[in-house]
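What follows is the residue order along each chain.
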Amino acid sequence: EPEVTQTPSHQVTQMGQEVILRCVPISNHLYFYWYRQILGQKVEFLVSFYNNEISEKSEIFDDQFSVERPDGSNFTLKIRSTKLEDSAMYFCASSPSDNEQFFGPGTRLTVL
Amino acid sequence: GENVEQHPSTLSVQEGDSAVIKCTYSDSASNYFPWYKQELGKGPQLIIDIRSNVGEKKDQRIAVTLNKTAKHFSLHITETQPEDSAVYFCAARALPSSNTGKLIFGQGTTLQVKP
């Protein structure tokens, strides 16, 4: 059964450094999302992406964040200058339509 | 904006008993309500969903009910098994102008099924 995959599973970085989180959505899906989950809190929406552009972004998704689909398979989230409060699990999701969303296993980002 | 509240935060049941998790939402325009199961170290897994034109949906031991008037929906798990132990999240699909539905999640319920 096709799955969303994410790399790395765990990323440790120093505050102020740039990180890129990578996702490979399910191949025939058209909608892509990033969510994050701070330890013990709700899963929060960050951004949605469709037709090679951002469809919607949350207040969390400020100028430090960007997304890209550089080729036909990868979907990346970049954080330019990480802050301590960026430490969280980051989940990529994809959807064939704008309903069912299938999540990847997540990347745990630790900012020191 | 949309807000989803989920109760209880923890639920412990004996194997074979039923478990019920309840969620309320604030945006009456929401029209899609998925439930996710998250096991330790894994991402949320879609287990069942319901659309606003349906009042109830069942898939084997799992059922979801929706009351649009009251703006609440519930997950029912019957004949619980130890492997049902996980964190369960409800979510509601908001309707942004862009028409790509971000999900608003509840706080999660940690279900423990005791053998």
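All figures in this text were calculated on a predicted structure; none of them were measured in a lab. Per chain, the residues get numbers from 1 upward, laid out in the order the sequence is written. Lettering for chains starts from A, numbering for ligands starts from 1, and both go in the order in which the items are written. Since the coordinates come from a predicted model, pLDDT governs what is reported: local features require at least 70, and pairs of side-chain atoms require 80 or more to be given and counted, while whole-chain, interface and lining totals use all residues. The basis for every side-chain value is the complete set of non-hydrogen atoms in the structure, without hydrogens or water.

**Student:** Tell me about the sheet that holds strand S7 (residues 62-67) of chain B, and please be specific about residues and values.
**Tutor:** All names here are of chain B. When DSSP finds two or more bridges between two strands, those strands count as paired. Segments assigned H or I by DSSP are reported as helices when at least four residues long, segments assigned E as strands when at least two residues long, and all are numbered from the N terminus. As summarised here, the arrangement of the 5 strands in space is S1-S3-S8-S7-S6, forming an open sheet in which the pairing is antiparallel. Where the open sheet ends on each side, the last strands, each with one partner, are strand S1 (4-7) and strand S6 (56-59). Strand after strand, the sheet turns through a mean of 15 degrees between neighbouring axes, direction not considered. In this sheet, strand S3 (residues 19-25) lies alongside S1 in antiparallel orientation, the contact comprising 4 bridges. Considered in S3, the bridge of Gln6 is made with Cys23. Axis definition: a line fit to C-alpha positions, over the contact stretch in the case of helices; interaxial angles, taken between N-to-C directions, run 0 to 180 degrees.

**Student:** Please provide a residue-by-residue account of the state of the cysteines, values included.
**Tutor:** All names here are of chain A. By convention in this document, the label disulfide applies to cysteine sulfur atom pairs within 2.5 Å. If you walk through the whole model with that rule in mind, you get 2 disulfides over all chains. Here Cys23 is linked by a disulfide to Cys92, with a sulfur-sulfur distance of 1.9 Å. Taking the sign of the S-S torsion, about -60 degrees here, the bridge from Cys23 to Cys92 comes out left-handed. Placement of the pair is Cys23 in strand S3 (residues 19-24) and Cys92 in strand S9 (residues 88-95), with a sequence separation of 69 residues. The pair formed by Cys23 and Cys92 is uniform in burial state, with each residue classed as buried. Working definition: with a 1.4 Å probe on protein chains only, accessible area under 20% of the residue-type maximum means buried, over 50% means exposed, and in between means partly exposed.

**Student:** Hey, could you go over the environment of Val24 of chain A for me, with residue numbers and the actual values?
**Tutor:** Residue and element names in this part refer to chain A. By secondary structure assignment, the location of Val24 is in strand S3. Since its relative accessible area comes to 30%, Val24 is described here as partly exposed. In sequence terms Val24 and Ser87 are 63 residues apart; their C-alpha atoms lie 22 Å from each other.

**Student:** Provide a residue-level description of the interface of chain A and chain B, including the pertinent values.
**Tutor:** Contact residues are listed per partner, giving 20 residues for chain A and 24 residues for chain B. Of the roughly 1,800 Å² buried between chain A and chain B, counting both surfaces, carbon and sulfur atoms make up 51%. Any carboxyl oxygen of Asp or Glu within 4 Å of a side-chain nitrogen of Lys or Arg constitutes a salt bridge here. The tally of links between chain A and chain B comes to 2 salt bridges. Between Glu56 of chain A and Lys102 of chain B there is a salt bridge, with the nearest N and O atoms lying 3.3 Å from each other. Think of a polar contact as two N or O atoms within 3.5 Å of one another; within protein, one of them needs to be a possible hydrogen donor and the other a possible acceptor, and neighboring residues in sequence only count if both atoms come from side chains. The tally of links from chain A across to chain B stands at 6 residue pairs in polar contact (both at pLDDT 80 or more). Ten residue types, Ala, Val, Leu, Ile, Met, Phe, Trp, Tyr, Cys and Pro, are classed as nonpolar, four, Asp, Glu, Lys and Arg, as charged, and the remainder, Gly among them, as polar. Along the lines of polarity and charge, the residues of the side of chain A that touches chain B split into 10 nonpolar, 6 polar and 4 charged. Here, two residues are considered to be in contact whenever any of their heavy atoms come within 4.5 Å of each other. Each of two parts loses accessible area, computed with a 1.4 Å probe, when they are put together; buried area is these two losses added.

**Student:** Describe the nonpolar core, and please don't skip the residues or the numbers.
**Tutor:** To form a nonpolar core, buried Ala, Val, Leu, Ile, Met, Phe, Trp, Tyr and Cys residues must be joined to one another through side-chain atoms within 4.5 Å. One finds Trp35, Phe73, Leu75, Tyr88 and Leu111 of chain B to be the most contacted residues of the largest nonpolar core, which totals 25 residues. Residue assignment for this core shows that the elements contributing at least two residues are strand S2 (10-14), S3, strand S4 (32-38), strand S5 (45-51), S7, strand S8 (72-77), strand S9 (86-93) and strand S11 (109-114) of chain B. In contact with Leu111 of chain B, not counting residues within four places along its chain, are Leu11, Val13, Ala19, Ile77, Asp84, Ser85, Ala86 and Tyr88 of chain B. Core analysis: the next-biggest nonpolar cluster, separate from the first, contains 21 residues, Leu21, Phe32, Phe65 and Tyr90 of chain A among them.

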